[in-house]
Structure formats: C-alpha cells, structure tokens
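# A closer look at the structure
For reference, the chains in residue letters:
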Amino acid sequence: MPDEKCSCHECHARLVQVANPKIREEVKFVPAKLRLLEHHQAVYKCPECSSDDHSKISKAPIPRSLISHSKTGSPSIIAHIAAMKYVYKVPCYRQEAMWKLKGLPLTRQQMSKWLIDVFNNQLSPLYDLLLKELKRQRFLHVDETPSKFSSDCFLSCSSRSRNSSVLS
C-alpha cells in the first residue's frame, strides 16, 4: 500500500504487514533475444624459458564449433532452425523472413547447408544407431499424416509428402 494509506482509519497508527498471500499467477511471454557470444583463446608464455629472440608460446584448447568457419551457425541457432522446419513445418524461406526481422539476415541456402552439414557430419552416428534399432523391431508404427511442403524441401515430383522415412 502507498504510505498515505498505510495507517489505521481509527487511530492513525502505522499499519504493520502480517501476510502477503498470492492472489494470482501470470505467465509472461519473453520474446527470443539474440546475443553475441565472444570466444577467446588464452595464450601463455613462460617467463623463465623465454628470451628476447626466442619465446615458448602455449595456447589453451578451444571448444570445437558445430559448423567450421561459421560466425552465426551456433548450436542454438541451428537447433532452432531444425525445430522450426521439422517440428513446426516452417519452411526455410519463411524462416529467412523471420530471422531478418530479428536482425539476423540468414539465407535459406545458408540454413539448408547448415542442416545438411549437421545431419551428415554430426548426427550420422545417432542416425545409424536409431536405424539399427528400428531394423531390429518386428513392427514399425509411422505417422502418415499428409503435410504440404514447398519447393525448398527438395521434393522434385510431388508437392505432398508423408512424415515417414524409408528404411534402407
């Protein structure tokens, strides 16, 4: 309560708070934010072994990036692109417009290249393991709900596809 209303109506003594019950809860939507993370590599030299004409330099190990030589292809960006494309069925051309509105001009070609690179190079062991497990099963259940796809999904003949995969 404001100070002017925090006094007793009868004796005008200052009121003391005795409880603070929860009245309601609200869910607040916080829009996604982009942050630039800088990675640094510490460089060391030994003052005892080093001289003016010869220095022994050591560099700290750096964590490997998901996509080599990519400034914007971070794991969180690529995971979001993959989720939007494969879970929420948002094609790359629409994501391109969404990223541009957020201030990150990604092209659909760049997003597609990242997804192909990550799936081929990083997730192939997981794919092989899942395929091996699927082939061991006697029966497979698939979701054959039809989905419309646009031309950026690399479908040459049909504009409709099913959400199932062929086991090869």
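Now for a description of the structure that goes with this document. Every chain's residues receive numbers from 1 upward, in the order its sequence appears when written. Owing to the predicted nature of the model, reporting of local features is limited to residues with pLDDT of at least 70; listing and counting of side-chain atom pairs is limited to 80 or more, with chain, interface and lining totals taken over all residues. The side-chain values count all of the structure's non-hydrogen atoms but skip hydrogen atoms and water molecules.

## Remarks on the overall build of the protein
- Helix and strand content of the protein: four helices and four strands.
- Going along the chain from the N terminus, every DSSP run of H or I of four or more residues is numbered as a helix, and every run of E of two or more is numbered as a strand. Taken from the N to the C terminus, the helices and strands of the protein come in the order β-β-α-α-α-α-β-β.
- Working definition: with a 1.4 Å probe on protein chains only, accessible area under 20% of the residue-type maximum means buried, over 50% means exposed, and in between means partly exposed. Scored against the burial criterion, the 168 residues of the protein give a buried share of 17%.
- Contacts between residues were defined by any pair of non-hydrogen atoms, one from each residue, lying within 4.5 Å. Counted over contacts in the protein with a minimum sequence separation of 6, partners at least 24 positions apart contribute 37%.
- Surface accessibility follows the Shrake-Rupley procedure with a 1.4 Å probe radius. Residue values consider only the protein chains on display as shielding. For the protein, the accessible surface area stands at approximately 15000 Å², while carbon and sulfur atoms represent 56% of it.

## Quick look at the packing of aromatic side chains
- Ring pairs shown here join Phe, Tyr and Trp side chains whose ring centres sit within 6.5 Å, with only the six-membered ring taken for Trp; geometry is labelled stacked below 30 degrees between planes, edge-to-face above 60, and tilted in between. Using the criterion set out here, one finds one aromatic pair in the structure.
- For the pair Y86 and F119, a centre-to-centre distance of 5.8 Å together with 55 degrees between the ring planes defines the contact as tilted. Of this pair, Y86 sits in helix 1 (residues 75–86) while F119 sits in helix 3 (residues 108–122); the two residues are 33 residues apart in sequence, bridging distant segments of the chain.
- Judged by relative accessible area, which is 43%, Y86 ranks as partly exposed.
- Of note, K102 hangs over the ring of W99, and the distance from its end group to the ring centre comes to 5.3 Å. We call a charge positioned above a ring when the Lys NZ or Arg CZ atom is no farther than 6 Å from the ring centre and deviates by at most 35 degrees from the ring normal.

## Quick notes on the nonpolar core
- If you look at the biggest cluster of nonpolar residues, it comprises 13 residues, and the most contacted ones within it are I77, I78, I81, W99, L106, M111 and W114.
- Secondary structure elements with two or more residues in this core: helix 1, helix 2 (92–101) and helix 3.
- Contact partners of W99, with chain neighbours within four places excluded, come to L34, I77, H80, I81, L104, P105, L106 and M111. To define a nonpolar core, start from buried Ala, Val, Leu, Ile, Met, Phe, Trp, Tyr and Cys residues and group those joined through side-chain atoms within 4.5 Å.

## Observations concerning helix 3
- Given a rise of 1.5 Å per residue, 15 residues ought to cover 21 Å, and the 20 Å separating the end C-alpha atoms of helix 3 matches this to within 8%.
- Of all the residues in helix 3, the buried ones are M111, S112, W114, L115 and V118. Buried residues of helix 3 fall within an arc of 160 degrees about the axis and therefore sit on the same side. Away from the buried face of helix 3 by more than 90 degrees, exposed residues Q109 and K113 are located.
- For helix 3, the secondary structure elements touched by its buried residues are helix 1 and helix 2. For a helix, the expected span equals 1.5 Å multiplied by the number of residues minus one. As used here, the arc belongs to the directions running from the helix axis to the C-beta atoms.

## Remarks on unusual backbone geometry
- A positive phi angle is found at H12, which is not glycine, with a value near 65 degrees.
- Along the polypeptide, H12 turns up in the segment before strand 1 (43–45).
- In this structure H12 comes out as exposed when scored by relative accessible area, which is 61%.
- Even without being glycine, H69 reaches a positive phi, approximately 60 degrees.
- Along the polypeptide, H69 turns up in the loop between strand 2 (57–59) and helix 1.

## Concerning a nonpolar patch on the surface
- A residue counts toward a patch only above 30% relative accessible area and without a salt bridge, and it is joined to like-charged neighbours within 9 Å or, for Val, Leu, Ile, Met, Phe, Trp and Tyr, to nonpolar neighbours within 5 Å. One side-chain nitrogen of Lys or Arg within 4 Å of one carboxyl oxygen of Asp or Glu is enough to make a salt bridge. Together, Y86, V87, Y88, F119, L123, L126, L129 and L130 line one region of the surface with nonpolar side chains, adding up to about 820 Å² of accessible area.
- If one sorts the elements of the nonpolar patch by residue count, helix 4 (residues 124–136) sits on top with three residues.

## Section: the environment of R24
- As for its placement among the helices and strands, R24 is situated in the segment before strand 1.
- Among the polar contacts made by the side chain of R24, one reaches the side chain of E26 at a distance of 2.8 Å. Identification of polar contacts relies on pairs of N or O atoms within 3.5 Å, with a donor-acceptor requirement for protein atoms, meaning one able to donate a hydrogen and the other able to accept it, and with residues adjacent in sequence counted only if both atoms are side-chain atoms.

## Some words on the pattern of salt bridges
- Taken as a whole, this structure holds four salt bridges when the rule is applied.
- Between E26 and R24 there is a salt bridge, with its nearest N and O atoms 2.8 Å apart.
- On the accessibility criterion, E26 (61% relative accessible area) is exposed.
- One salt bridge in this structure joins R108 and E96, with 2.9 Å as the shortest N-O distance.

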